[in-house]
Amino acid sequence: MATEVHWFLFDLGNTVIKLAYERVMENICKRAAVTRNELVELLEAPGAYRDMERGATSFEQFYEFLTDKAGYRGSLQDLHETWSDFFDGPLPGMEDLLNRLRRKYRIAFLSNSNEVHAEVVPRKFATLFEKDDRLIFSHRFKCAKPDPEMFQRALEVIGALPSQVAFVDDLLENVIAARSVGLTAFQFRDAFALQRDLESAGLL
């Protein structure tokens, strides 16, 4: 396995960059007529968060959804600022681990994302990425993890076979989906546990 892998494909949110999910929920609720739990449930509904990740809903349509369904009273710009504040910074140890992996492998990132985050992340965390890295954002491909099609599209972008790619994600459902299409996949807990897993697999 170790000799076959040429690429590492990383999830971004809560794998490389810590998400500030609760802060975003709190700040939306400050301008809305729903509780935090009601908002979380609404975000799974058609026309909301998940549909943005699949490119089926634009950010402006998402704003209209929140205005209609959650009684959101802020402006589109207010929501844009709140939604842009979804990220706290790199998780401990991840920058060093990525730099270590780059000595031997190509690096790509596969994120269930949306038009706002796809613009914010490369700018706000420019030091995390190198010019040869690939950034693959789900909404641009009209599908999202754990859909096997998302992994197939990612393989097309990087020009690799499943056996040539190791995938890392914090969500078990995405790890299982990646394995189902032939990728070597690891569930992320923290950078130091991942390093041990990769060493055990002969990849570090």
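Predicted model only: the values in this text are computed from it and were never measured.

## Observations regarding the overall build of the protein chain
Then comes step 1: Counting its secondary structure elements, the protein chain contains 10 helices and seven strands.
Then comes step 2: Computed over its C-alpha atoms, the radius of gyration of the protein chain comes to 18 Å, within 12% of the 17 Å expected for a compact globule of 204 residues.
Then comes step 3: On the principal axes, the C-alpha backbone points of the protein chain span a range of 55 × 30 × 30 Å.
Then comes step 4: Residues counted as buried form 50% of the 204 residues belonging to the protein chain.
Then comes step 5: Residue pairs in contact within the protein chain that sit at least 24 positions apart in sequence constitute 67% of those at least 6 positions apart.
Then comes step 6: Surface summary for the protein chain: the accessible area is close to 9,700 Å², and the carbon and sulfur share equals 48%.
Then comes step 7: Averaged over its 25 positive side-chain charges, the protein chain has a centre that lies 4 Å from the centre of its 32 negative ones.

## Considerations on the pairing of strand E5 (residues 134–137)
As a general feature of sheets, a regular strand has side chains that alternate between the two faces.
Then comes step 1: As paired strands, strand E4 (residues 106–111) and E5 are joined by four bridges and run parallel to one another. Bridged to Ser 111 within E5 is Phe 137.

## Some remarks on the nonpolar core
Then comes step 1: If you look at the biggest cluster of nonpolar residues, it comprises 53 residues, and the most contacted ones within it are Phe 8, Phe 10, Val 16, Phe 62, Leu 66 and Trp 83.
Then comes step 2: The biggest single contributor to this core is helix H4 (residues 59–69), with five residues.
Then comes step 3: Ignoring any residue separated from it by four or fewer positions in sequence, one finds Val 16 in contact with Phe 10, Asp 11, Gly 89, Pro 90, Leu 91, Met 94, Leu 98, Phe 109 and Leu 128.
Then comes step 4: Within the second largest apolar cluster, 21 residues are counted, among which are Ala 108, Ile 136, Phe 167 and Ala 185.

## Observations regarding the sheet that holds strand E7 (residues 184–187)
Through backbone hydrogen bonds, the strands of a sheet pair up, either in parallel or in antiparallel fashion.
Then comes step 1: Ordered in space as E5-E4-E1-E6-E7, the five strands form an open sheet in which the pairing is parallel. This sheet does not close on itself; its edge strands, each paired only once, are E5 and E7. Looking at each pair of strands side by side, their axes are set apart by 20° on average, direction ignored.
Then comes step 2: Judged from the four bridges that link them, strand E1 (residues 7–10) and strand E6 (residues 165–169) form a sheet pairing that is parallel. Looking across to E6, one finds that Leu 9 is bridged to Phe 167.
Then comes step 3: Set on the sheet, helix H8 (residues 148–158) makes contact with E1, E4, E5 and E6; between it and E5 the angle comes to about 150°.

## Regarding unusual backbone geometry
Then comes step 1: At the junction of Lys 145 and Pro 146, the peptide bond is cis and its omega measures out at 10° in the coordinates.
Then comes step 2: Along the chain, the position of Pro 146 falls in the loop between E5 and H8.
Then comes step 3: Located in the positive-phi region is Asn 14, a residue other than glycine, with phi close to 65°.
Then comes step 4: Within the secondary structure layout, Asn 14 lies in the loop between E1 and strand E2 (17–19).
Then comes step 5: Owing to a relative accessible area of 31%, Asn 14 belongs among the partly exposed residues under this scheme.
Then comes step 6: At Lys 142, a position not held by glycine, the phi torsion is positive, near 60°.
Then comes step 7: Structurally, Lys 142 is set in the loop between E5 and H8.

## Some points on the packing of aromatic side chains
Then comes step 1: Throughout the structure, instances matching the rule amount to 14 aromatic pairs.
Then comes step 2: Residues Phe 59 and Phe 62 carry aromatic rings whose centres are separated by 6.2 Å and whose planes lie at 55° to one another, so their mutual orientation is tilted. Taken as a pair, Phe 59 and Phe 62 lie in helix H4 at a separation of three residues, close to a single helical turn.
Then comes step 3: The exposure class of Phe 62 is buried, given its relative accessible area of 0%.

Definitions and cut-offs
Residues numbered from 1 in each chain as written. Predicted model: local features only at pLDDT ≥ 70, side-chain atom pairs only at ≥ 80, totals over all residues. Heavy atoms only, no water. Helix = DSSP H or I, 4+ residues; strand = E, 2+ residues; numbered from the N terminus. Rg over C-alpha atoms; globule rule 2.2 N^0.38 Å. Buried < 20%, exposed > 50% of the residue type's maximum accessible area, 1.4 Å probe, protein only. Contact = heavy atoms within 4.5 Å. Areas by Shrake-Rupley, 256 points an atom, 1.4 Å probe, with all protein chains shown as cover. Lys, Arg positive; Asp, Glu negative; His and termini not counted. Charge placed at Lys NZ, Arg CZ, Asp CG, Glu CD. Pairing = 2+ DSSP bridges. Core = buried A, V, L, I, M, F, W, Y, C linked by side-chain atoms within 4.5 Å. Axes fitted to C-alpha atoms, helices over the stretch in contact; angles between N-to-C directions. Phe/Tyr/Trp six-rings, centres within 6.5 Å; stacked < 30°, edge-to-face > 60°.

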